[in-house]
Amino acid sequence: MSLTLLPVELSDSICSYLATSDLAVLSRSCSLFYPAVQRILYRNLVLSPAKRNLSVIVTLSKKPCIARFVRTLSLTVDASAPVLRPFYHALADALSSMSELTSLHLSLDANANTSWVLTPHARPVTYHRLHSFTSSFPFDAHVTSFLERTPALERLELDTAPVSPTAPLPHLSHAAIPRLVHFMGSCQAVKVIVPGRPLESIHIHDGDLSEDEVECLAQSTGHIAILGAITSALLVPFLQSLAKHFPYLAYLRLMAPFHTSLKPSDDTFYEQVATTLTSMPQLLDFELSGMHWGSSYQANEAGCKRIWRAAPMTTATDHYLEDNLDFTSELAFIY
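Bear in mind the structure is a predicted one, so any value in this text is a computation, not a measurement.

A tally of regular secondary structure across the chain gives 11 helices and 12 strands. The buried share of the chain, reckoned over its 335 residues, is 45%. Put simply, 60% of the contacts in the chain that link residues at least 6 apart link residues at least 24 apart. If you sum the accessible surface of the chain, you get close to 17100 Å²; carbon and sulfur atoms cover 55% of it.

Side chains that are three or four residues apart share a direction in an α-helix, a result of its 3.6 residues per turn. The end-to-end C-alpha distance of helix α11 (residues 267-278), which contains 12 residues, comes to 16 Å, matching closely the 16 Å that a straight helix rising 1.5 Å per residue would cover. Of the positions making up α11, those classed as buried are F269, Y270, V273, A274, T276, L277 and T278.

Neither face of strand β7 (residues 201-204) is left uncovered, since the one carrying S201 and H203 and the one carrying I202 and I204 both have all their residues buried. Here strand β6 (residues 182-185) runs beside β7; their pairing, made up of 4 bridges, is parallel. Residue H182 lies in a different strand from β7, and its bridge partner there is S201. Examined bridge by bridge, β7 and strand β8 (residues 226-230) share 3 bridges and lie parallel to one another. Bridge pairing in β8 places I202 opposite L227. Running through helix α9 (residues 211-217), the crossover from β7 to the neighbouring parallel element β8 is right-handed.

Counted under the stated rule, the structure contains 4 salt bridges. For E100, the salt bridge goes to R129, with nearest N and O atoms at 3.2 Å. A residue pair is termed long-range when its members are at least 10 positions apart, and E100 in the loop between α6 (85-95) and β3 (103-107) and R129 in the loop between β3 and β4 (132-135) qualify at 29 residues. Here E213 ties to K191 by a salt bridge, and the two come within 3.6 Å at their closest N and O atoms.

Per-residue confidence for the chain gives a mean pLDDT of 84; residues scoring 70 or more make up 85%. This model gives residues 315-335 a pLDDT under 50, and the stretch forms 39 contacts once residues within four places in sequence are excluded.

As judged from the 3 bridges shared by strand β5 (residues 155-157) and β6, these two strands associate in the parallel manner. Residue pairing in the sheet places R155 in a bridge with H182 of β6. This β-α-β element, β6 to helix α8 (residues 187-193) to β7, shows right-handed connectivity.

All right, on to the packing of helix α10 (residues 235-245) against α11 then. At a closest axis distance of 9 Å, the pairing of α10 and α11 adopts a crossing angle of 5°. As judged from the angle between their axes, α10 and α11 are roughly parallel. Side by side, α10 and α11 meet where L235, V236, L239 and Q240 of the first sit next to F269, Q272, V273, T276 and L277 of the second.

With that settled, the discussion passes to the nonpolar core. Membership of the largest hydrophobic core comes to 83 residues, with the highest contact counts inside it found for L60, L95, F133, L147, L239 and F286. Ranked by residues supplied to this core, first place goes to α6 with 7 residues. Excluding its chain neighbours within four sequence positions, the residues that come into contact with L95 are L73, L101, L104, L106, V117, L118, V125 and Y127. Core analysis: the next-biggest nonpolar cluster, separate from the first, contains 8 residues, L26, F33, V37 and I40 among them.

Along the chain, T144 falls in helix α7 (residues 141-147). Judged by its relative accessible area of 3%, T144 is buried. At 2.9 Å, the side chain of T144 and the backbone oxygen of A141 are in polar contact. Setting aside chain neighbours within four positions, we find T144 in contact with F139, P170, H171 and L172.

For the rest of this paragraph, the subject is the packing of helix α1 (residues 8-16) against helix α3 (residues 34-41). Where α1 contacts α3, the axes come no closer than 9 Å and their chain directions differ by 55°. Taken together, α1 and α3 sit at an angle that is classed as oblique. Note on packing geometry: the crossing formed by α1 with α3 is right-handed. Each of V8, S11, D12 and C15 in α1 lies in contact with α3, whose residues at this interface are A36, V37, R39 and I40.

Right, let's talk about unusual backbone geometry for a bit. The backbone of R52 shows a phi angle near 55°, a positive value even though the residue is not glycine. Within the fold, R52 resides in the loop between β1 (44-47) and α4 (55-62). The phi torsion at I177 lies on the positive side, around 35°, for a residue other than glycine. For I177, the location among the structural elements is in the loop between β5 and β6. Overall, I177 belongs to the buried group, its relative accessible area being 1%.

Here is what the cut-offs are and how they apply
Residues numbered from 1 in each chain as written. Predicted model: local features only at pLDDT ≥ 70, side-chain atom pairs only at ≥ 80, totals over all residues. Heavy atoms only, no water. Helix = DSSP H or I, 4+ residues; strand = E, 2+ residues; numbered from the N terminus. Buried < 20%, exposed > 50% of the residue type's maximum accessible area, 1.4 Å probe, protein only. Contact = heavy atoms within 4.5 Å. Areas by Shrake-Rupley, 256 points an atom, 1.4 Å probe, with all protein chains shown as cover. Expected span 1.5 Å × (residues − 1). Pairing = 2+ DSSP bridges. Right-handed = clockwise from strand over helix to strand, strands pointing away. Salt bridge = Lys/Arg side-chain N within 4 Å of Asp/Glu carboxyl O. pLDDT = per-residue confidence, 0-100. Axes fitted to C-alpha atoms, helices over the stretch in contact; angles between N-to-C directions. Parallel < 35°, antiparallel > 145°, perpendicular 65-115°, else oblique. Core = buried A, V, L, I, M, F, W, Y, C linked by side-chain atoms within 4.5 Å. Polar contact = N/O pair within 3.5 Å; in protein donor to acceptor, adjacent residues only side chain to side chain. Left-handed = near helix turned anticlockwise from the far one by under 90°.

The following block contains the structure:
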């Protein structure tokens, strides 16, 4: 069979087995394979100053037909290697042409305030295939405008910097990101992101989660199984609120830096914690400020029931659970 008659799928399959250096040679030596090589070379991009390949963004901004080949993009630009503003304009143009993206990771210089790169200069593009978006941007109007155009998004992770509780929250329509199951971001952002969406995993890295905000999280249409948060609320009533609103909770991690009731000699307090944990039927792992609570199964007439210890585990020789649960799994350590 002549190479000119070779189906596109076979050309792509042949090129997929070649190293990047070999693909570059093939593109210069055989014009018939040039389109296939471009599709492979630009499919998955990892760009950073350390790799000295940021010029790829400029190429993509000038050639939208190539930008449409990009499926995954990971871009890192930090304060130690700053870039000029024209680079961010090129990034905005390139992103507006990457309509086939499935995963996008943007870790940019926080001092540059560059979330505007998500807002296209011309006609807005909808990212029908994008299912994962991670960025160092704050939860602002540029981010929500972008989220309005990501109907298939399942995973969303935003900035790690605290957001002021008095700052106005940007608007996000109820129809946006209808498939979102995982969110990591600020305590303020969850008030907009979570209600009415099928969240299963929530990680809040700032603020002070209260019982009122727990009720806000409970407005998720999904079964929340994983929760990580910071709280200064009284622990036992707070856990009782979680047990009430999240019956499917399996992994719980709380940071309570200002909790003054946690005393090693307070056996009553530990017993109350253990009793409350036992009331969570699906809970498999609980961590409080770095301390793990252990549990075991106890047989009764109704079957087996998980019973939690009335004290946290504090030694490295202790096991997380006595039923050999594999805590090296991705799910267990997703937080």
